[in-house]
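Spelled out, the chains give:
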Amino acid sequence: MSGDPHLELGENLPRFLSHWLAACFGHFLMVLLPLITDWAHVRDATWPSWWSLLLFAASTSLVAAIINANLPVTPRELIKSVALGFALNATIVMLRLS
């Protein structure tokens, strides 16, 4: 591949893991941002179980990491992985509502 070799990890496990972690972060944002914005207004707000949230984020973010595993590890591409993790969580929430 062309480009800066420091930004591209090659098609190996570190590149996959970096996109997977970014997608997990996007997944956590979708879950935690509504709790943080309503925290002052809700007296009995509860945080989700950390282990169930971690397993759910890890499993759904695998899809995002597989899709983005061929992208270089640059800030722009990692933001795409965060957005994809956010979107996957939003899609699952919408499927639960219907």
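Note on numbering: residues in each chain are counted from 1, in written sequence order. Residues qualify for local features only when their pLDDT is at least 70, as the model is predicted, and side-chain atom pairs are given and counted only at 80 or more; totals for whole chains, interfaces and linings, by contrast, use all residues. Excluded from the side-chain calculations are hydrogens and water; all other atoms, namely the structure's heavy atoms, are used.

Student: Could you clarify how one ought to interpret the overall build of the chain in this entry?
Tutor: For helices the rule is a DSSP run of H or I covering at least 4 residues; for strands it is a run of E covering at least 2, with both sets numbered from the N terminus onward. Each helix and strand counted, the chain has three helices and zero strands in total. Along the chain, helices and strands appear, N-terminal first, in the series α-α-α. Residue burial is assigned from relative accessible area. The probe radius is 1.4 Å, only protein chains are included, and a residue is buried under 20% of its type maximum, exposed over 50%, and partly exposed in between. Here the chain, with 98 residues, has 24% of them falling under the buried criterion. Residue pairs at least 24 apart in sequence account for 75% of intrachain contacts in the chain once pairs closer than 6 positions are excluded. For the chain, the accessible surface area stands at approximately 6700 Å², while carbon and sulfur atoms represent 72% of it. When checking whether two residues touch, look at their non-hydrogen atoms; a contact exists if any pair is within 4.5 Å. What sets the accessible areas is the Shrake-Rupley method with a 1.4 Å probe; for residues, cover comes only from the shown protein chains.

Student: What's the story with helix α1 (residues 13-37) in this structure? I'm lost.
Tutor: In an α-helix, one full turn covers 3.6 residues, which means residues spaced three or four apart are oriented alike. The end-to-end C-alpha distance of α1 is 36 Å, a good match for the 36 Å that 25 residues give at a rise of 1.5 Å each. Most pronounced at Val 31, the bend in α1 amounts to some 30°, and the proline Pro 34 follows within four residues. What α1 keeps buried is the set Arg 15, Ser 18, His 19, Ala 22, Ala 23, Cys 24, Gly 26 and His 27. Helix span is expected to be 1.5 Å times the residue number reduced by one. The angle between axes fitted to the seven residues ending at a residue and the seven residues starting there is what we call the bend at that residue.

Student: Just checking my understanding: could you explain the packing of α1 against helix α3 (residues 75-97) for this structure?
Tutor: Relative placement of two packed helices is described by the angle separating their axes and the distance separating the axes. A fitted line through C-alpha atoms represents every axis, and for helices the fit uses only the stretch in contact; the resulting angles, taken between N-to-C directions, go from 0 to 180 degrees. Between α1 and α3, the least distance of the axes is 7 Å, while the angle of their chain directions is 45°. Between α1 and α3, the angle is such that the two are oblique. In this structure, α1 crosses over α3, and the sense of that crossing is right-handed. The residues of α3 that touch α1, namely those facing Ser 18, His 19, Ala 22, Ala 23, Phe 25, Gly 26, His 27, Leu 29, Met 30 and Val 31, are Glu 77, Leu 78, Ser 81, Val 82, Gly 85, Phe 86, Asn 89 and Ala 90. Each residue is assigned to one class: nonpolar for Ala, Val, Leu, Ile, Met, Phe, Trp, Tyr, Cys and Pro, charged for Asp, Glu, Lys and Arg, and polar for all the others, Gly among them. Residues belonging to the contact of α1 with α3 are distributed by class as follows: 10 nonpolar, seven polar and one charged. Roughly parallel means an angle under 35 degrees; roughly antiparallel means over 145; roughly perpendicular covers 65 to 115; every other angle is labelled oblique. Crossings are assigned a handedness: left-handed for a near helix turned anticlockwise from the far helix by less than a right angle, right-handed for a clockwise turn.

Student: Hey, could you run me through the pattern of salt bridges in this one?
Tutor: Side chains bearing opposite charge may pair, as long as their charged atoms lie close to each other. Salt-bridge detection follows one rule: a side-chain nitrogen of Lys or Arg within 4 Å of a carboxyl oxygen of Asp or Glu. Tallying each qualifying case throughout the model produces one salt bridge. Lys 80 is the salt-bridge partner of Glu 77, the closest N and O atoms lying 3.4 Å from each other. Note that Glu 77 and Lys 80 are positioned in helix α3 at a spacing of three residues, about one turn of the helix. Given the relative accessible area of 10%, Glu 77 is considered buried.

Student: Can you help me understand α3 in this one?
Tutor: Taking 1.5 Å of rise per residue, the 23 residues of α3 would be expected to cover 33 Å, and the 33 Å separating its terminal C-alpha atoms lies within 8% of that figure. Along α3, the residues that are buried comprise Glu 77, Ser 81, Val 82, Gly 85 and Asn 89. Contact partners of the buried residues in α3: α1 and α2 (50-68).

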